[in-house]
Amino acid sequence: MREYLLCDDCEQKLSVWEGYARTIFVQPLTPLEIRRENSMLHVAGLDYAKLKLFELSILWRAGVSRLPFFAKCQLGPHAETLRRQLDASDPGDSDRYGALMYGLKVGELSETLQVITEPRPVRGFGIKAYNLTFGGFLWMYFVSNSDPPLLARQAFLREDGSRFICVKNALEMSNLQQFANELGRLGRLPRR
């Protein structure tokens, strides 16, 4: 999917944040401190500003896109707030536009499920949110003037460079189960 959204200068700005995210999720360059706590991973050593701006840039682009794939991501007045933050390279407060991350596993396989799904509105802890699935993760972005409860905010990317990631079996998540079943039927699930 391609859509012209940004001028060259803005494209360059966003590419810095995308490059940082790539060094975290795709081709790790810096060792991170990762501690497993049951189905949760506590990750430390992240660059708060770069990763938060990456997260915000994904949400903003989904919200302003005119492609039918992103039609359900309607940010309203939040789109302009996000645009201003991105333009100023301002990651903002960790509790504002925070995202929960779910690492999507398939059974006991070590790799994550690499799928991209259509963004969709959800209610997370009673707050308006959007699920975006890409890069082996489901990201639940909270988009509201109300603060999510402390329980959710504690798992957001924090200004000290830490965050929690919940590791889930994609086959057990109702919104991904039908998609995963179809992948299995087509013989496209990762193999052991």
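Residues numbered from 1 in each chain as written. Predicted model: local features only at pLDDT ≥ 70, side-chain atom pairs only at ≥ 80, totals over all residues. Heavy atoms only, no water.

### Description of the overall build of the protein
Link 1 in the chain: A count of helical and extended segments in the protein gives 5 helices and 7 strands.
Link 2 in the chain: Listing each helix as α and each strand as β along the protein from the N terminus yields α-β-β-α-α-β-β-β-β-α-β-α.
Link 3 in the chain: Taking the intrachain contacts of the protein between residues at least 6 apart in sequence as the baseline, contacts between residues at least 24 apart amount to 66%.
Link 4 in the chain: Split by element, the accessible area of the protein, about 10600 Å² in all, is 51% carbon and sulfur. (Helix = DSSP H or I, 4+ residues; strand = E, 2+ residues; numbered from the N terminus. Contact = heavy atoms within 4.5 Å. Areas by Shrake-Rupley, 256 points an atom, 1.4 Å probe, with all protein chains shown as cover.)

### Some details on helix α3 (residues 78-87)
Counting along an α-helix, one turn takes 3.6 residues, and residues three or four places apart therefore face a common direction.
Link 1 in the chain: Among all positions of α3, only His78, Ala79, Leu82, Gln85 and Leu86 are buried. Relative to the axis of α3, the buried residues are bounded by an arc of 125° and lie together on one face.
Link 2 in the chain: Turning to α3, the residues buried within the fold contact α1 (8-25) and α2 (48-64).
Link 3 in the chain: A positive phi of about 55° marks Ser89, the residue just after α3. (Buried < 20%, exposed > 50% of the residue type's maximum accessible area, 1.4 Å probe, protein only. Arc of directions from axis to C-beta.)

### Digging into the nonpolar core
Link 1 in the chain: Core analysis: the biggest nonpolar cluster contains 37 residues, and Phe54, Leu75 and Tyr141 have the highest contact counts within it.
Link 2 in the chain: At the level of secondary structure, the elements contributing two or more residues to this core comprise α1, β2 (40-44), α2, α3, β3 (99-105), β5 (127-134), β6 (137-142) and β7 (163-169).
Link 3 in the chain: With sequence-adjacent residues up to four places away left out, Leu75 is seen in contact with Leu59, Trp60, Gly63, Leu82, Tyr130 and Val143.
Link 4 in the chain: In this structure, Ile127, Ala129, Ala152 and Ala155 belong to the second largest nonpolar core, which totals 13 residues. (Core = buried A, V, L, I, M, F, W, Y, C linked by side-chain atoms within 4.5 Å.)

### Some thoughts on the packing of α1 against α2
Link 1 in the chain: Between α1 and α2, the least distance of the axes is 8 Å, while the angle of their chain directions is 115°. One element, α1, and the other, α2, form an angle in the roughly perpendicular class. Seen from above, α1 lies across α2 with left-handed handedness. Of the residues in α2, those touching α1 at Leu14, Trp17, Glu18, Tyr20, Ala21 and Phe25 are Lys50, Leu51, Leu53, Phe54, Ser57 and Arg61.
Link 2 in the chain: In terms of residue class, the contact of α1 with α2 is built from 8 nonpolar, 1 polar and 3 charged. (Axes fitted to C-alpha atoms, helices over the stretch in contact; angles between N-to-C directions. Parallel < 35°, antiparallel > 145°, perpendicular 65-115°, else oblique. Left-handed = near helix turned anticlockwise from the far one by under 90°. Nonpolar A, V, L, I, M, F, W, Y, C, P; charged D, E, K, R; others polar.)

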